[in-house]
Amino acid sequence: MTEWLLVAIVGLGTVALKGVGPLVLGGRRVPDRLTGVVSLLAPTLLAALIVTNTFATGTALVIDARVAGMAAAVVAIVLRAPILVVIVVAAVAAAVTRALT
Amino acid sequence: MKEKRRTLPAGYAEGVRRAAPLAVAVFAFGVAFGLLARAAGFSVFVTLVFSATTFAGSAQFAAVSVWSSGGSLVAAVVAALLLNARYAPIGASVAPWLTGPWWRRLLIGQITVDESWVISNEGGGRFDPRKLAGAGLLLYAAWLVGTAIGVAGGGFLGKPEDLGLDAAFPALFLALLVGQVHDRRALVAALLGGAIALVLVPLTPAGVPIIAASLGCLIGLRRPAPPATPEDDPAAEDGLP
């Protein structure tokens, strides 16, 4: 029964977290100074997501097949492969590494 | 920005197209989530409601695994909401580009997840709301259908990790990050964000590193954005952040 409560609280909380910006700030022009900050949010958060998605398992830093996938992705990016190719190459490299280790 | 045409503008299709490879991975993780929730004793209905309302893989996995390994309700909720806290700044970043009635902005906010946000980002703080909606809707459908198949007992796909699909997400983020780092400020911000996350992963609960890292974008306060005209801001004359 408590799983209902869990789903309700997390669901409502997430709807609120995702919705508050668009609801409150929707369609408004932001001041230039804030634009400077927001334009850097993408590279900053992307880098953080790369780090956590590559090295984090819970609160542990681990080196596993994902790192091999990312290494392959770097090669593909340097070779100017299209994004789809980068993604597939990373997945294949991680899958092969995982199968071999 | 205010046109009311009824044709399907190219932006939506472009968003769908760019999200397609990720939708495959999201689908597979949806199946995995459905299987996990079922194993944890969640009913089909509750599991689907969870995916439909929360639509955030990492948070849902965290909540179910904390809860099913005997953690308290509070611990599961806190873990999930911390992981989703990044959606507050992410939602705020796309907000200026969302027009229309409040319910429409609220709905678009719900399908603004990491991948659709990244796909719709045009650099310099600009976002294409159509790409965002197209990509977000496809990913939402993939997540929901995947969850449904998983919770119905579809274990035929194997673990997404065995297919290397967990490497697909950081690979996409990296490919898109490379396209975003046009100047030194963006590079510094990215390095700062990555470093903060790396240092905090072992020290803080999951989710906190990403939130803390997002503060790295505050170096944007040091100097106005490149297109802005230099006002009476002495920092604008500085060499470096």
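Visitor: Hey, could you go over the overall build of chain B for me, with residue numbers and the actual values?
Guide: When its secondary structure is counted, chain B shows eleven helices and zero strands. Start at the N end of chain B and walk to the C end: the helices and strands fall as α-α-α-α-α-α-α-α-α-α-α. Within the span of chain B, comprising 241 residues, buried residues form 51% of the whole. Pairs at least 24 residues apart make up 69% of the contacts formed inside chain B by residues separated by at least 6 positions.

Visitor: Provide a residue-level description of the overall build of chain A, including the pertinent values.
Guide: Secondary structure summary: chain A contains four helices and two strands in total. Here the C-alpha radius of gyration of chain A, 19 Å, is well above what a compact globule of 101 residues would show, namely 13 Å. Seen along its three principal axes, the alpha-carbon backbone of chain A occupies a region of about 50 × 50 × 25 Å. Taking all 101 residues of chain A together, the buried fraction comes to 52%.

Visitor: Describe the domain arrangement of chain A, and please don't skip the residues or the numbers.
Guide: Accessible area lost during the coming together of the parts is what is often quoted as the interface size. Looking at the assigned domains, one finds that chain A contains domain 1 (1–62) and domain 2 (63–101). Taken over C-alpha atoms, the centre of domain 1 of chain A sits 26 Å from the centre of domain 2 of chain A.

Visitor: So what's going on with helix 9 (residues 168–180) of chain B? Which residues, and what values?
Guide: With 13 residues, helix 9 of chain B extends 19 Å from end C-alpha to end C-alpha; this agrees with the ideal 18 Å at 1.5 Å per step. Most of helix 9 of chain B sits out of view: eleven of its 13 residues are buried. Where helix 9 of chain B is concerned, the buried positions are Ala168, Phe169, Pro170, Ala171, Leu172, Phe173, Leu174, Ala175, Leu176, Leu177 and Gln180 of chain B. Residues of helix 9 of chain B that are buried in the fold lie against helix 2 (32–55), helix 3 (65–78) and helix 4 (83–100) of chain A together with helix 1 (10–39), helix 7 (114–120) and helix 10 (184–200) of chain B.

Visitor: Describe helix 4 (residues 73–84) of chain B, with residues and values.
Guide: Side chains three or four residues apart in an α-helix point the same way, a direct result of the helix having 3.6 residues per turn. Along its twelve residues, helix 4 of chain B runs 17 Å from first to last C-alpha, staying within 8% of the 16 Å computed at 1.5 Å per residue. When helix 4 of chain B is considered as a whole, its buried residues turn out to be Ala76, Val77, Val78, Ala79, Ala80, Leu81, Leu83 and Asn84 of chain B. Contacts made by the buried residues of helix 4 of chain B are with helix 1 (2–25) of chain A together with helix 3 (57–68) and helix 5 (87–94) of chain B.

Visitor: Hey, could you go over the confidence of the model for chain B for me, with residue numbers and the actual values?
Guide: Residues and elements named next belong to chain B. Looking at chain B as a whole, the pLDDT averages 84, with 87% of positions reaching at least 70. Confidence scores differ between elements of chain B, with helix 3 showing the lowest mean pLDDT of 85 and helix 2 (residues 44–54) the highest of 96. Complex prediction metrics read pTM 0.79 and ipTM 0.88.

Visitor: Provide a residue-level description of the interface of chain B and chain A, including the pertinent values.
Guide: Taken residue by residue, the interface counts 90 residues in chain B and 70 residues in chain A. Of all the elements, helix 9 of chain B adds the most residues to the side of chain B that touches chain A, at twelve residues.

Visitor: Help me get a handle on unusual backbone geometry, residues and values and all.
Guide: In this structure, Arg80 of chain A is a non-glycine residue whose phi angle is positive, near 60°. On the secondary structure map, Arg80 of chain A appears in the loop between helix 3 and helix 4. Although it is not a glycine, Phe55 of chain B sits at a positive phi angle of roughly 45°. As for its placement among the helices and strands, Phe55 of chain B is situated in the loop between helix 2 and helix 3. Judged by C-beta crowding, with 26 C-beta atoms within 10 Å, Phe55 of chain B ranks as buried.

Visitor: Kindly report on the nonpolar core, identifying the contributing residues and their values.
Guide: Counting 109 residues, the largest nonpolar core has Leu46, Ala73 and Ala90 of chain A together with Ala63, Ala168 and Ala171 of chain B as the members making the most contacts within it. When residues of this core are assigned to domains, at least three map to each of domain 1 (1–62) and domain 2 (63–101) of chain A.

Visitor: Residues and numbers for the packing of helix 1 of chain A against helix 6 (residues 102–110) of chain B, please.
Guide: In a pair of packed helices, the angle between the axes and the distance between the axes together describe the arrangement. Direction vectors running N to C along helix 1 of chain A and helix 6 of chain B enclose 130°, while the axes themselves pass 8 Å from each other. The angle between the axes of helix 1 of chain A and helix 6 of chain B places the two elements in the oblique class. Classified by chirality, the crossing of helix 6 of chain B by helix 1 of chain A is right-handed. Contacts between helix 1 of chain A and helix 6 of chain B involve Val15, Lys18, Gly19, Gly21, Pro22 and Leu23 of chain A from the former and Trp102, Arg105, Leu106, Ile108, Gly109 and Gln110 of chain B from the latter. Considering only residue class, the contact of helix 1 of chain A with helix 6 of chain B consists of six nonpolar, four polar and two charged.

Visitor: Tell me what's going on with the packing of helix 1 of chain B against helix 3 of chain B, and back it up with residues and numbers.
Guide: Residue and element names in this part refer to chain B. Look at helix 1 against helix 3: their axes get within 10 Å of each other, and the N-to-C directions meet at 15°. Considering their axes alone, helix 1 and helix 3 lie roughly parallel with respect to each other. Helix 3 is crossed by helix 1, and the crossing has left-handed handedness. For the pair helix 1 and helix 3, contact is made by Phe29, Phe33, Leu36 and Ala37 and by Gly57, Gln60, Phe61 and Val64, respectively.

Visitor: I'd like to hear about the environment of Val20 of chain A, residue by residue, with values.
Guide: Tracing the chain through its elements places Val20 of chain A in helix 1. By the C-beta count within 10 Å, which is 17 here, Val20 of chain A ends up partly exposed. Here Val20 of chain A is in contact with Ala88 and Gly91 of chain B, once residues within four sequence places are set aside.

Visitor: Please give an account of the environment of Leu40 of chain A that cites residues and values.
Guide: Within the secondary structure, Leu40 of chain A is located in helix 2. By the C-beta count within 10 Å, which is 29 here, Leu40 of chain A ends up buried. Excluding residues within four positions of it along the chain, Leu40 of chain A makes contact with Arg185, Ala186, Ala189, Cys217, Ile219 and Gly220 of chain B.

Reading the values: the criteria
- Residues numbered from 1 in each chain as written.
- Chains lettered and ligands numbered in written order.
- Predicted model: local features only at pLDDT ≥ 70, side-chain atom pairs only at ≥ 80, totals over all residues.
- Helix = DSSP H or I, 4+ residues; strand = E, 2+ residues; numbered from the N terminus.
- Buried ≥ 20, exposed ≤ 12 C-beta atoms within 10 Å, placed from the backbone.
- Contact = placed C-beta atoms within 7 Å.
- Rg over C-alpha atoms; globule rule 2.2 N^0.38 Å.
- Domains from an automatic or database assignment.
- Expected span 1.5 Å × (residues − 1).
- pLDDT = per-residue confidence, 0-100.
- Core = buried A, V, L, I, M, F, W, Y, C linked by C-beta atoms within 7 Å.
- Axes fitted to C-alpha atoms, helices over the stretch in contact; angles between N-to-C directions.
- Parallel < 35°, antiparallel > 145°, perpendicular 65-115°, else oblique.
- Left-handed = near helix turned anticlockwise from the far one by under 90°.
- Nonpolar A, V, L, I, M, F, W, Y, C, P; charged D, E, K, R; others polar.

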